[in-house]
Amino acid sequence: MSLKDRRNNDGYKNWLRVGLALLATRDGLTDVTLRAAKELHAELKDKLGDSVENCKCNPKKKQECKDCKPWRQELASYYKGNKSQIYWTNCTPSKWSKEPWEVAKGHNI
Ligand SMILES: [Zn+2]
């Protein structure tokens, strides 16, 4: 199929439309998600401070330190699913007080 034929193919045009719709949806969801992460992060930081920056735990070895425990407890309280499914290994606790996206990462499935 030549490029000209492809551009005139209704099925191909629909795929392009779907692609554009997915890009627009992704952009919209990214904005909403990032805004929500920033709002939650500001709330958590006001409540818990930034002592978590001294975190010495190693999530990959399931070793938790006292500096991040309040943040873990608070983040878990926002999780609506089974708490054992929170992806702590996806997080870097020492960044929780600095980066909103680090707070959101624990809730990524
Ligand atoms: Zn820690």
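The residue numbering used here restarts from 1 in each chain and proceeds along that chain's sequence as written. Given that the model is predicted, a residue must reach a pLDDT of at least 70 before its local features are reported, and side-chain atom pairs must reach 80 or more before they are shown or counted; all residues, however, enter totals for whole chains, interfaces and linings.

**A word on the overall build of the protein chain**
So, point 1. Put simply, DSSP H or I for four residues or longer makes a helix, DSSP E for two residues or longer makes a strand, and each gets a number counted from the N terminus. Helices and strands together make up the secondary structure of the protein chain, namely four helices and zero strands.
So, point 2. Helices and strands in the protein chain line up, N terminus first, as α-α-α-α.
So, point 3. Taken over C-alpha atoms, the radius of gyration comes to 20 Å for the protein chain, far larger than the 13 Å a tight globule of 109 residues would show.
So, point 4. Taken along the three principal axes of its C-alpha coordinates, the protein chain extends 65 × 30 × 25 Å.
So, point 5. Residue burial is a threshold on neighbouring C-beta atoms within 10 Å of the residue's own C-beta, all placed from the backbone, with 20 or more meaning buried, 12 or fewer meaning exposed, and counts in between meaning partly exposed. Residues classed as buried in the protein chain amount to 12% of the 109 residues present. With the radius of gyration taken over C-alpha atoms, the globule rule is written as 2.2 Å times the number of residues to the power 0.38.

**Observations regarding the nonpolar core**
So, point 1. Nonpolar cores are identified as sets of buried Ala, Val, Leu, Ile, Met, Phe, Trp, Tyr and Cys residues joined via C-beta atoms within 7 Å. If you look at the biggest cluster of nonpolar residues, it comprises eight residues: Leu44, Val52, Cys55, Cys68, Trp71, Leu75, Trp96 and Val103.
So, point 2. Setting aside residues up to four positions removed in sequence, tryptophan 96 forms contacts with Val52, Trp71, Glu102 and Val103. It is the C-beta atoms, placed from the backbone, that decide contacts: two residues are in contact if theirs lie within 7 Å.

**Brief notes about helix 2 (residues 10-48)**
Every α-helix winds through 3.6 residues per turn, so residues three or four apart in the chain are directed the same way.
So, point 1. By this rule, a helix spans an expected 1.5 Å times one less than how many residues it contains. When the terminal C-alpha atoms of helix 2 are compared, their 56 Å separation across 39 residues agrees well with the 57 Å that a helix rising 1.5 Å per residue should span.
So, point 2. In terms of residue burial, helix 2 counts as a barely covered element, since only one of its 39 residues are buried.
So, point 3. Once helix 2 finishes, glycine 49 follows within two positions and takes phi at roughly 75°, a positive value.

**Observations regarding the confidence of the model for the protein chain**
So, point 1. Known as pLDDT, the predictor's per-residue confidence is scaled from 0 to 100. Looking at the protein chain, the pLDDT average stands at 89 and 96% of residues meet or exceed 70.
So, point 2. Mean pLDDT across the elements of the protein chain ranges from a minimum in helix 4 (residues 100-105), with 88, to a maximum in helix 2, with 94.

**Observations regarding the environment of glutamine 63**
So, point 1. For glutamine 63, the location among the structural elements is in the loop between helix 2 and helix 3 (69-78).
So, point 2. Among the residues examined, glutamine 63 registers 9 C-beta atoms within 10 Å and is labelled exposed.
So, point 3. Excluding anything up to four places from it in sequence, glutamine 63 contacts Cys57 and Asn58.

**Quick look at the environment of glutamine 85**
So, point 1. Locating glutamine 85 in the fold gives a position in the loop between helix 3 and helix 4.
So, point 2. Residues glutamine 85 and aspartate 67, spaced 18 residues apart in sequence, show a C-alpha to C-alpha distance of 22 Å.

**Notes on the packing of helix 2 against helix 3**
So, point 1. Two elements in contact, helix 2 and helix 3, have axes whose closest approach is 11 Å; the angle formed by their N-to-C orientations is 140°. As the angle between them shows, helix 2 and helix 3 are arranged oblique. In this structure, the crossing between helix 2 and helix 3 has a hand that is right-handed. In this structure, helix 2 uses Leu44, Lys47 and Leu48 to contact helix 3, whose residues at the interface are Pro70, Trp71 and Glu74.
So, point 2. Grouping the constituent residues of the contact of helix 2 with helix 3 by class yields four nonpolar, no polar and two charged. In this analysis an axis means a line fitted to C-alpha atoms, helices contributing only their contacting stretch, and an angle means the value between N-to-C directions, from 0 to 180 degrees. For classification purposes, angles smaller than 35 degrees are called roughly parallel, those larger than 145 roughly antiparallel, those between 65 and 115 roughly perpendicular, and all remaining angles oblique. Should the near helix be turned anticlockwise from the far one by less than a right angle, the crossing is termed left-handed; should it be turned clockwise, right-handed. Ten residue types, Ala, Val, Leu, Ile, Met, Phe, Trp, Tyr, Cys and Pro, are classed as nonpolar, four, Asp, Glu, Lys and Arg, as charged, and the remainder, Gly among them, as polar.

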